[in-house]
Amino acid sequence: MLQIWPVRRARPYADKMRPRRPIVTGQRVLDGLFPCAQGATCALPGAFGCGKTGLSQALAKYSNSDVVVYVGCGERGNEMAELLRDFPKLRVEVDEASESIMKRSVLVANASNMPVAAREASIYTGVSIAEYFRDQGQNVALLADSTSRWAEALREISGRLGEMPADQGYPAYLNTRLANFYERAGRVRCRGSPRREGSVSIVGVVSPPGGDMADPVTSATLGVVQTYWALDKKLAERKHFPAINWSLSYSKSIEPLTHYYDANFPEFVELRRKILEMLQQEHELEKLTQIIGPTSLSEPEKLLLAVVRMLTEDFLQQNAQSSQDRFCPFYKTLGMMRNFVRFYELGLRAIETRQGGGGGDDDEPAMTWARIRTKLADTIDRLAIMKYLCPVHDGERVIAEELRKLTRGIEKAFEDI
């Protein structure tokens, strides 16, 4: 069973292909708005305290990958000890059988008190292990936490070798090393027989000093990855987790995944587009609201702000300590997206079609957000508690039916208003 391979050299394959399936992370903001394909690359940058390690551990626990390789590069020893304590207790469904997460996980432990040369080699060790399982026809997720400490090891080794330093003391070949590392991701047809296809997805955690996104490591990483999950310090300070900034994050994986979504979830791409538009419009309205006050806004704008507030609190935010909400399967994410969008569309239609003559005052629209909020209070409460539908106890059939029932309830409520 022993195979000897130079870890700094990529393992060969027969052919490289386009990604075709997404990684399901269990985090609504990622699966619903910024999906990452199996075989793609992703950057997860953020300042200290933004939840980078917690989010990467959540991906290791709940993603739909066959094998997870977690590389703790320069991590604190207590974080690696937490993984070793938690993983044996967690279970995952594989072929309708429950198994321990440890059976699909490989941990490469490189604590911060270990030698610098070991830290520099740990990233390559992790990606070589991922390629080993990829060559067996598995879909592998490599979580590198963090590539910034790996780059610091490169800087220290380069300094000891007497090489000419570049920006902030990093070696001039930093960009090349990062690009070569992320290049080893991808979906491939493996060599040999029987015919096999496997993939390596790389999620690189970046820890820019002081949260400076102009840091050389962060800038070089953003130049080569396809998905960017930006963590926001302000959201983390407001206890909004995962602290993904939806205004800065993006995903280039939507285009190759469109065929998959159209075949399996035809409404998803359009729902995602509408929610991103709502979030963008709310971001533009935010400054105007601070100047003129919320009472001076039009009724459609008030409705938009209210629905985006519900989206922010009840969809984009998840509680990792809650058994109902720490993991959200994609069917539940899609159902929640449908209900929020449907509520906004019907509310907007009601306001636009029933203006004037609403109480004897032609200057005030007959239908206002205040009236919708009063008449549909029960429906709004049901929107808020969608996230508490438990996938473990209720199952897909029950949750999907409850979400469809809520959709019909929203439509009926606006007919009766």
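Residues numbered from 1 in each chain as written. Predicted model: local features only at pLDDT ≥ 70, side-chain atom pairs only at ≥ 80, totals over all residues. Heavy atoms only, no water.

- You'll find the protein entered in an unreviewed UniProt entry as H(+)-transporting two-sector ATPase, with Trichogramma brassicae given as the organism.
- Regarding the protein, the relevant UniProt record gives this comment under Catalytic activity (unreviewed entry): "ATP + H2O + 4 H(+)(in) = ADP + phosphate + 5 H(+)(out)".
- Under the UniProt heading Sequence similarities (unreviewed entry), the entry covering the protein gives this text: "Belongs to the ATPase alpha/beta chains family." (UniProt positions renumbered as here; feature names shortened; annotations may be inferred.)

## Things to note about the nonpolar core
Nonpolar side chains in soluble globular proteins tend to be buried together.
Link 1 in the chain: Within the largest apolar cluster, 81 residues are counted, with the highest numbers of intra-cluster contacts made by Trp-229, Ile-244, Phe-343 and Ile-372.
Link 2 in the chain: Counting residues per element, this core draws most heavily on helix 12 (residues 330–353), at 12 residues.
Link 3 in the chain: Setting aside anything within four residues of it in sequence, one finds Ile-372 in contact with Phe-343, Gly-347, Ile-351, Met-367, Phe-414 and Ile-417.
Link 4 in the chain: Residues Val-69, Val-106, Leu-174 and Ala-230 belong to the second largest nonpolar core, which totals 31 residues. (Core = buried A, V, L, I, M, F, W, Y, C linked by side-chain atoms within 4.5 Å. Buried < 20%, exposed > 50% of the residue type's maximum accessible area, 1.4 Å probe, protein only. Helix = DSSP H or I, 4+ residues; strand = E, 2+ residues; numbered from the N terminus. Contact = heavy atoms within 4.5 Å.)

## Thoughts on the packing of aromatic side chains
Link 1 in the chain: Scanning all chains against the criterion turns up 14 aromatic pairs.
Link 2 in the chain: Taken together, a centroid distance of 5.5 Å and an interplanar angle of 40 degrees make the contact between Tyr-62 and Phe-327 tilted. Linking Tyr-62 in helix 2 (residues 52–62) with Phe-327 in the loop between helix 11 (299–314) and helix 12, this pair joins segments that are 265 residues apart in sequence.
Link 3 in the chain: The exposure class assigned to Phe-327 is partly exposed, which follows from its relative accessible area of 25%.
Link 4 in the chain: Aromatic pair Tyr-132 and Phe-133: ring centres 5.3 Å apart, planes at 75 degrees, arrangement edge-to-face.
Link 5 in the chain: Overall, Tyr-132 belongs to the partly exposed group, its relative accessible area being 24%.
Link 6 in the chain: When its relative accessible area of 21% is taken as the criterion, Phe-133 is described as partly exposed.
Link 7 in the chain: These aromatic residues form a ring-pair network of at least three members: Tyr-260, Tyr-261, Phe-265, Phe-268 and Phe-330.
Link 8 in the chain: When the ring centre of Trp-5 is taken as reference, the NZ or CZ atom of Arg-9 above it lies at 4.9 Å.
Link 9 in the chain: The residue whose ring lies beneath Arg-11 is Trp-5, and the NZ or CZ to ring-centre distance is 5.2 Å. (Phe/Tyr/Trp six-rings, centres within 6.5 Å; stacked < 30°, edge-to-face > 60°. Lys NZ or Arg CZ within 6 Å of the ring centre and 35° of its normal.)

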